[in-house]
Every structure is written in structure tokens, then in C-alpha cells.
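# Structural overview for review
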There are 2 protein chains.
Amino acid sequence: MTAAIREADAGEGLTERQGAVLEQALRLLVDGGEKALTTAGIARAANCSKESLYKWFGDRDGLISAMIGFQASKVRTQDVAARALDAESLRGNLVTFAKDLLEVLAGDVSLALNRLAIGQASRDGSKLGHMLQERGRRQIGRRAAALLEAGRKAGLLSFDDADEAYGALYGLVVSDWHLKMLLGEEAGEMKKGFSRKAEQAVSAFLSLYGTKR
Amino acid sequence: MTAAIREADAGEGLTERQGAVLEQALRLLVDGGEKALTTAGIARAANCSKESLYKWFGDRDGLISAMIGFQASKVRTQDVAARALDAESLRGNLVTFAKDLLEVLAGDVSLALNRLAIGQASRDGSKLGHMLQERGRRQIGRRAAALLEAGRKAGLLSFDDADEAYGALYGLVVSDWHLKMLLGEEAGEMKKGFSRKAEQAVSAFLSLYGTKR
DNA sequence: TGCGAACCGTACCGTACGGTACTGATCGGG
DNA sequence: CCCGATCAGTACCGTACGGTACGGTTCGCA
């Protein structure tokens, strides 16, 4: 048995030491943007050597990929599979989902990683973009899909294409807020309006796809 | 009278030579991303000297700002103030607007500039972000606002908050397509679905805010 | 106690970028 | 015909980054 297997891991087949290093790297990225994410800076912040960074992650891109995977592994979305779905609880679940979605998108780590992936979309063949899409959005998308499907099963929602319905829900909730935050709009001021925004969006969504009169 | 006034300009108080340089710079940015946007590269592509670049635009940031302003000045949105607005023409105008919006957002220059501004959002205090927001989105937003207001005046639409209604329209039309394209999803394949997407979004919007039974 | 692996800290190398300085050519006005 | 301004082309400088190499130290293990 290899020694590595016996060590505590951080959810991605990497040791906790490596996880701590990625944590510091994420902090650097959040605080200073991509420009601050230098190998020397990470090594200094994490009290490790550049040589170890290259041994563990290969090169800078591998390190960034590891950062995305590490962050995604921390934000496991627990879907509350609430049975006995009635109109009230469906609305409540949808509002909760909408708020969670806005909170996640407005999180500084999420914003920083999205900025990083978008900035490199031109040069790396959108490798990071696909990774973010797959490991971040896919998760929350599945949660929404399950919720919508449950609503349809309970006769509370009516739609043919689940993706189309989810797209409408996403658009009504997020609108152009995500882009505005990515462009640097202060996220702190906006968070206060999240609840109202989420409820409005869910109301609109239900009047589009709900069966209730 | 100054000599500069007598020269042909490119819409931003700069000479046509400078406009040609900015054109080449935009082309470099579109083709190779931010990494390809070097002063030496621009000078080579535009057959000018780096010294001229710095004389005209101050520094790299000034040049990027000029690029944004230059591009915005080219994409003037003509609002077809169609009088005699009935339900059919309102829908038609909304669909046209939705298609135009998707086309603009999917344009490679737009995507490249947005990627650039998002990538620098952390370091420059979102100066570029505000500029893009102000000179790009504000324009198309006003066109939509005028259309919505005309619809309300004609008794075809019903809403209290015009911004909220516009937000819903924007979200229904764009959903998360913009982000996916910014992250590198191939835009070519998506463009085929724009018409259908636009019509679906407008139908949903009308069933939310329309007065028609 | 001695061995070897892992690792920190740092020095180092090649490269590429932003920005400046200089030279020579072109061109319009007196 | 000459003067001054503008500009292309290039050489140059300081800096900072990605990636590598090396000496010294700790720690698990026999």
C-alpha cells in the first residue's frame, strides 16, 4: 500500500497539505485577481517551495485546474428531496434554490474563478471553462432539474422540455446580475435585494409553468 | 482652428489613422485574446511605432479604453420607433430586439472585449467594466425601454417597474448563454438556435407582461 | 543510529512584456 | 529650397514571471 493512500485527503485524491496550498492560492486569487496568482506568490503564501508546486500539480495550468476541482469538491449541493410536494412547498423550494443560486454566483471565490476561466478562454481552448461548467453549474443544474421534475410529477408544473424550463428559471433569477458582478459591480450592495429578486423570479416562473390558477 | 479638427475622425475625436490602429488592435484581441494584445504586436500589425501608440493613447490601459470607445461608437443602435403599435407589431419588434441582443452578445468583438474587461475587473477597480456597461449595454437597454414603454402606452403591456420588466425580458432571452460563450463554448453552433430562442423568450415575456388574452 | 525520501527556501535562467530613447525618412508650409 | 513636425523602425532598459536546480533540514523507518 502506498503511503499517499494512508494520508488524509481533501476530496480530490490530494493530501491535506496540498489542499491547504490550494486554499491559499484561492485566497490570493480572490484578493488580487489573476495577476496575483503567481507561483512565487503561492509558494510564499502557503509556506511551500515552488519545486513542490510543480511536483504536485505539473505546471501553472494544472495548479489552476486543481484549484477549480478543489473548490467544486467543497461546495457539494445537498438536495433536500422533500416528498409530499404541494404548491406551497414547491414555491418554497424554488425560492430557496433561487436564493442559493444567487448566493453561489455572488460568492467571491466563484466570481474569481469565473473571471480567471473567462480570461483564459481564448488561449487554452476553453479547458477551464468546460471544467467550471461541468463541476460547478452541472451540480446546481441537476438539483434544479430534480426539483422541476418532482413538481411535474406532482402535477404542479407543466412543461415539455425540462432544459427550456430550467433556462427560463435561471434567466428570470439571474438576469444580467452575474455579468454585472463579473465586470466588477460591487456585489456587497446587491446581496440585500436577493430575497426579493428570488421571490419575484419564482412568481414569474410559476405563472409561466405552474398549473395552479 | 486646430489641425486635428480638420482631419477626418473616427467618431471619438481621434484621427482615422488612429481608428485603423484600434481596428488592428481589436483584430489581435479577437484572434489571440488578451495575451496577444501587446504593444509590440499592435505596432507590428498596424505598421506604426510603439512611440506613436504611447503618444496617442498614453499607456496600455488608455489604448484599451480607446478600443472600447471606438467599438461602441461603431455599433450605434437604430431604434425603429414604429408608430401604430398593435399586438402583432409589438411581438415582431420584441423578437427582432431579442435576436439583435443575442447577435450582439455572440459577436466575437463583443465577447473579446467582455473577456478583457472581466479579466481586468480585479485590478483596475472595474474601470473597463463600467465603461463597457455604460457604452454597450446602456444603449441596447434604452432601445428596449423605449419599446416596452410604447407597449405600455398602447395598452399592450402591463408593468409597474420598467427595469424589472426589462430584467425579465433580458433573462428570458439570454439565460446563461452569454456566460457559456464567455467561457469558451463554441458560439458558431449556438447561433442557429437564436431565432427559436428569441421567439420562445418573447412568448414567455408576453404571457407575463402582456394584456392580451 | 543511520539512511533515504520529501520538502522548504532561495538562487538562478530564459523569456517576454511595458515603456523610453534614438535615428532616419516623409511631408506640408513659408 | 529649407525647416519643423510627425512618424516608422529598432534598439534598449528594467522588471516580473514560469520553470529548474541546488543546499540544508525534517521526519519516517529499519
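The preceding data block contains the structure.
Note that the structure is predicted; figures quoted are calculated from it, not measured. (Residues numbered from 1 in each chain as written. Chains lettered and ligands numbered in written order. Predicted model: local features only at pLDDT ≥ 70, side-chain atom pairs only at ≥ 80, totals over all residues. Heavy atoms only, no water.)

### Looking at the protein's contact with DNA strand C
- The immediate surroundings of DNA strand C are formed by 16 residues, with A:Arg17, A:Ser52, B:Lys50, B:Glu51 and B:Arg60 found nearest.
- For DNA strand C, the backbone makes up 56% of the atoms found within 4 Å of the protein, where backbone means sugar plus phosphate.
- Contact distances for DNA strand C include 2.9 Å between a phosphate oxygen and a side-chain N or O atom of A:Arg17.
- Note that a base nitrogen of DNA strand C is positioned 3.4 Å from one of the side-chain N or O atoms of A:Glu51.
- Of all the elements in the fold, those that place two or more residues in the surface near DNA strand C are α4 (50–57) of chain A together with α4 (50–57) of chain B.
- Of the residues forming the surface near DNA strand C, the biggest block, four residues, is contributed by α4(A).
- Class assignment of the residues belonging to the surface near DNA strand C gives a composition of four nonpolar, five polar and seven charged. (Near = heavy atom within 4 Å. Polar contact = N/O pair within 3.5 Å; in protein donor to acceptor, adjacent residues only side chain to side chain. Helix = DSSP H or I, 4+ residues; strand = E, 2+ residues; numbered from the N terminus. Nonpolar A, V, L, I, M, F, W, Y, C, P; charged D, E, K, R; others polar.)

### Some details on the interface of chain B and chain A
- Listed as interface residues are 36 residues of chain B and, on the opposing side, 36 residues of chain A.
- For the chain B and chain A pair, buried surface summed over both sides reaches about 3,100 Å², with 60% attributable to carbon and sulfur atoms.
- Seen at the junction of chain B and chain A, the total is two salt bridges.
- Salt-bridge contacts for B:Asp176 lead to A:Arg137; the nearest nitrogen and oxygen are separated by 2.5 Å.
- Where the side of chain B that touches chain A is concerned, the elements lending two or more residues are α7 (108–119), α8 (127–153), α9 (162–174), α10 (177–182) and α12 (194–209) of chain B.
- Per-element accounting of the side of chain B that touches chain A gives the leading share, six residues, to α9(B).
- Across the side of chain B that touches chain A, the residue classes break down as 12 nonpolar, 15 polar and nine charged. (Contact = heavy atoms within 4.5 Å. Buried area = accessible area lost by both parts, 1.4 Å probe. Salt bridge = Lys/Arg side-chain N within 4 Å of Asp/Glu carboxyl O.)

### Here we look at the protein's contact with DNA strand D
- In the vicinity of DNA strand D, 16 residues are found, and the nearest of them are A:Lys50, A:Glu51, A:Arg60, B:Arg17 and B:Ser52.
- Within 4 Å of the protein, the contacting atoms of DNA strand D are 55% sugar and phosphate, with bases supplying the remainder.
- Interatomic distance of 2.6 Å between a side-chain N/O atom of B:Arg17 and a phosphate oxygen of DNA strand D.
- B:Ser49 places a main-chain nitrogen or oxygen 3.2 Å from a phosphate oxygen of DNA strand D.
- Contributions of two or more residues to the surface near DNA strand D are made by α4 of chain A together with α4 of chain B.
- Tallying contributions element by element places α4(B) first for the surface near DNA strand D, with four residues.
- Split by residue class, the surface near DNA strand D holds four nonpolar, five polar and seven charged.

### Focus: the packing of aromatic side chains
Residue and element names in this part refer to chain B.
- For the structure on display, the rule yields eight aromatic pairs over all chains.
- Judged by centre distance (5.2 Å) and plane angle (35°), the rings of Phe205 and Tyr209 are tilted. Here Phe205 and its partner Tyr209 are both found in helix α12, four residues apart, which amounts to about one turn of the helix. With respect to class, Phe205 is no different from Tyr209; both count as buried. (Phe/Tyr/Trp six-rings, centres within 6.5 Å; stacked < 30°, edge-to-face > 60°. Buried < 20%, exposed > 50% of the residue type's maximum accessible area, 1.4 Å probe, protein only.)

### Concerning α8(B)
- For α8(B), spanning 27 residues, the distance from its first C-alpha to its last is 37 Å, which sits close to the expected 39 Å at 1.5 Å a residue.
- For α8(B), the principal kink sits at B:Arg138 and spans about 35°.
- When we look at burial in α8(B), the residues that qualify are B:Leu128, B:Gly129, B:Leu132, B:Gln133, B:Ile140, B:Gly141, B:Arg143, B:Ala144, B:Leu147, B:Leu148 and B:Gly151.
- Residues of α8(B) that are buried sit in contact with α10 (177–182) of chain A together with α5 (60–74), α6 (87–106), α7, α9 and α12 of chain B.
- Positive backbone phi, approximately 75°, marks B:Gly155, located one or two places after α8(B). (Expected span 1.5 Å × (residues − 1). Bend = angle between axes of the 7 residues up to and from the residue.)

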